[in-house]
Every structure is written in C-alpha cells, then in structure tokens.
Amino acid sequence: MKVLLFNGSPHKEGCTYTALCEIAKTLKEEGIDSEIYQIGIEPVTACRACYACSKIGRCVINDKVNEFIDYASNFDGFIFGSPVHYASACGGITAFLDRAFFACFQSGRGEVFLHKPGAAIASARRAGTTATLDQLNKYFGITQMPVISGRYWNMVHGATPEQVKQDLEGLQNMRILARNMAWHLKCQEAGKKAGVPMPKVEDITFTNFIR
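The written sequence of each chain sets the order in which its residues are numbered from 1. pLDDT decides what is reported in this predicted model: residues at 70 or higher carry local features, side-chain atom pairs at 80 or more are listed and counted, and totals for whole chains, interfaces and linings draw on all residues regardless. To obtain the side-chain values, all non-hydrogen atoms of the structure were used and water was disregarded.

Trainee: Help me out: how do you make sense of the environment of T45 in this one?
Mentor: Locating T45 in the fold gives a position in the loop between β2 (33-38) and α2 (53-56). Buried, partly exposed and exposed residues are distinguished by accessible area as a fraction of the type maximum, computed with a 1.4 Å probe on protein chains only: under 20%, between the cut-offs, and over 50%, respectively. Its relative accessible area of 36% is what places T45 among the partly exposed residues. For the pair T45 and T205, spaced 160 residues apart in the sequence, the C-alpha separation amounts to 29 Å. Here a residue-residue contact requires only that any non-hydrogen atoms of the pair lie within 4.5 Å. For T45, the residues in contact, after removing those within four places along its chain, are I61, D63, A95 and R99. Each helix is a run of DSSP H or I of at least 4 residues and each strand a run of E of at least 2, with the numbering of both proceeding from the N terminus.

Written out as structure tokens, the structure is:
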C-alpha cells in the first residue's frame, strides 16, 4: 500500500513539506509506503471548461497534470497539502486539482481516485486554514473518496519550517492523521481479502435546475 503526499506549495522544502515529512515518517512506522509529489514552480493553467478531456481521454492542456494522472493511478491513498494564500488554497494547487479531478471524471478514468481515501492539510502563518481545508475536501466528496481526519483540523502554523517544527500540536495531528490513513488502508485491504465488495457505482444522473 502506498500513499501519495502532494506538496502544493511553490516552495520545495517549506512549511507544507515539513508537515508532509512528519506524515511520511509516521506512515513508514505503520508499514505504509509514501512519496512526496512536488507541484513545483512551473505555471499551471486553469481549466478551460472545454470538455475536450471527455473526447480525447486526457486534458487538452499539455503540461504535468496529465503526467500526474497517470502517476496517481499507482497509489492507494492521497494527502494533498497547500499553503494558505489569501485565506484559501494557493492558486497552483487549485488549478492543478481542478483539471486533474475533472479530466479523470470526464475521460472515464475515475478509478484513479474513486473510493481511495483522501485527506487535506494546510499550513499558514496565522489564519485561513479551515477555509483551505474546506476547499480541498470538496475534491474528495465529489469523487466518493473517504475523507480521513486527524484529531483536530489538519493544519500546522509557522512562517518557516523551523517555526512549523515548534508547532507541537500541529505536528502531532499530522502523525494522528497518518495513523488514521494507515488504519483505513489496512481495513480496506482486509475487507477485500474477506470478500467484502466495493460500493456499487451507478451512472450519474445530472439534473439541472433550469429545464
């Protein structure tokens, strides 16, 4: 079993990375492999709502989002981390995940995320964390992904990695989140071995408010 830890910060080894490293360490103690995926500083174009992905099976914009979708299919769980920019998730991760989740759904590759556990974490100097978590958790809800929680909201505080390391409660919650993720994955694995079927997938019925 393997969890993808998505660093949505433009800083490769900043505050969000520091929190994800605490998660990775605890997952390893629980026997779960993990890998940190760096969004990096390359520009990420927002979704064009062109629906071309439903025809060609991938996003029409040729950047690392398509590479990520292929890569993500090899993981059993996901934790997406974002710094707080203007009291919400940073623009890079928002544009990236909008297209990744939408392209998977429209192209018939929903299995990349479907029924796989997901969690979000946020790092901030001071405020905006709960709004960021609420924003990121919506990707899981629309994709039928079990949302994994910690003991508290999944956040750390600090303006530098050194300050994040002083947020003892925040780091503790990263460890609790990691253990909960590991427990859920092990339960899913045990259920499969016991013959418990995954939930039935229905074709989606779209109902517009204006007809």
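Trainee: I keep staring at a nonpolar patch on the surface and nothing clicks. Help me out?
Mentor: Patch definition: residues above 30% relative accessible area lacking any salt bridge, with like charges linked at up to 9 Å and the nonpolar side chains Val, Leu, Ile, Met, Phe, Trp and Tyr linked at up to 5 Å. All accessible-area figures derive from a Shrake-Rupley calculation using a 1.4 Å probe, and residue coverage is judged against the displayed protein chains alone. Throughout this description, the term salt bridge denotes a Lys or Arg side-chain nitrogen within 4 Å of a carboxyl oxygen of Asp or Glu. Together, F105, I204 and F206 give the surface a local cluster of nonpolar side chains, amounting to about 350 Å² of exposed area. Checked against the element boundaries, I204 lands in the segment after α7 (168-193).

Trainee: Any chance you could explain the pairing of strand β1 (residues 2-7) here in plain terms?
Mentor: Regular strands place their side chains on alternate faces of the sheet. Counting buried positions over the six residues of β1 gives five, a clear majority of the element. Two strands are counted as paired when DSSP detects at least two bridges linking them. Looking at chain direction, β1 and β2 are connected through six bridges and run parallel. The residue bridging N7 from the neighbouring strand is Q38, located in β2. Read from β1 through helix α1 (residues 15-29) to β2, the crossover connection turns out right-handed. Taken together, the five bridges between β1 and strand β3 (residues 77-85) define a ladder with parallel strand orientation. Its bridge partner being in β3, F6 is matched across the sheet by F80. For a crossover, the right-handed case is the one in which the path from the first strand over the helix to the second runs clockwise, viewed with the strands pointing away from the viewer.

Trainee: I would appreciate a short explanation of the nonpolar core in the present structure.
Mentor: In globular proteins that are soluble, nonpolar side chains generally tend to be buried together. Counting residues in each nonpolar core, the largest one holds 37 residues, and the members touching the most others are F6, F68, F80, F96 and F113. Among the secondary structure elements, those contributing two or more residues to this core are β1, α3 (64-72), β3, α4 (91-106), β5 (118-124) and α5 (129-141). Per-element tally for this core: the top contributor is α4, with eight residues. Every residue in contact with F6, bar those within four places of it in the chain, is listed here: L20, Y37, I39, F68, I79, F80, G81, I93 and F96. Joining through side-chain atoms within 4.5 Å is the link that ties buried Ala, Val, Leu, Ile, Met, Phe, Trp, Tyr and Cys residues into a set, and such a set is a nonpolar core. Core analysis: the next-biggest nonpolar cluster, separate from the first, contains 22 residues, C15, I148, V164 and M174 among them.

Trainee: How should I be thinking about α4 in this particular structure?
Mentor: Because an α-helix packs 3.6 residues into every turn, residues spaced three or four apart end up facing the same way. To estimate the expected span of a helix, count its residues, drop one, and scale the result by 1.5 Å. The first and last C-alpha atoms of α4 sit 22 Å apart over 16 residues, in line with the 22 Å expected at 1.5 Å per residue. Here α4 has its buried residues at I93, T94, A95, F96, L97, R99, A100, F101, A103 and C104. Looking one or two residues past α4, G108 carries a phi angle of roughly 80°, positive in sign.

Trainee: Hey, could you run me through unusual backbone geometry in this one?
Mentor: Residues apart from glycine generally show negative phi values, whereas peptide bonds are mostly found in trans. The backbone of Y51 shows a phi angle near 65°, a positive value even though the residue is not glycine. With respect to the element layout, Y51 can be found in the loop between β2 and α2. Using a relative accessible area of 43% as the deciding quantity, one classes Y51 as partly exposed. With a phi angle near 60°, A87 is a residue other than glycine that sits in the positive phi range. The topology assignment puts A87 in the loop between β3 and β4 (88-89).

Trainee: In this structure, what is going on with the pattern of salt bridges? I would like to understand it.
Mentor: Pairs can form between side chains of opposite charge whenever their charged atoms are close. Inspection of the entire model under this criterion finds eight salt bridges. Here E30 makes a salt bridge to K186, at a shortest N to O gap of 3.3 Å. Here K186 lies in helix α7 and E30 lies in the loop between α1 and β2, a separation of 156 residues in the sequence. Given the relative accessible area of 28%, E30 is considered partly exposed. Among the residues examined, K186 registers a relative accessible area of 37% and is labelled partly exposed. Between R99 and D63 there is a salt bridge, and its shortest N-O distance comes to 2.8 Å. Within this pair, whereas R99 is found in helix α4, its partner D63 is found in the loop between α2 and α3, the two being separated by 36 residues in sequence.

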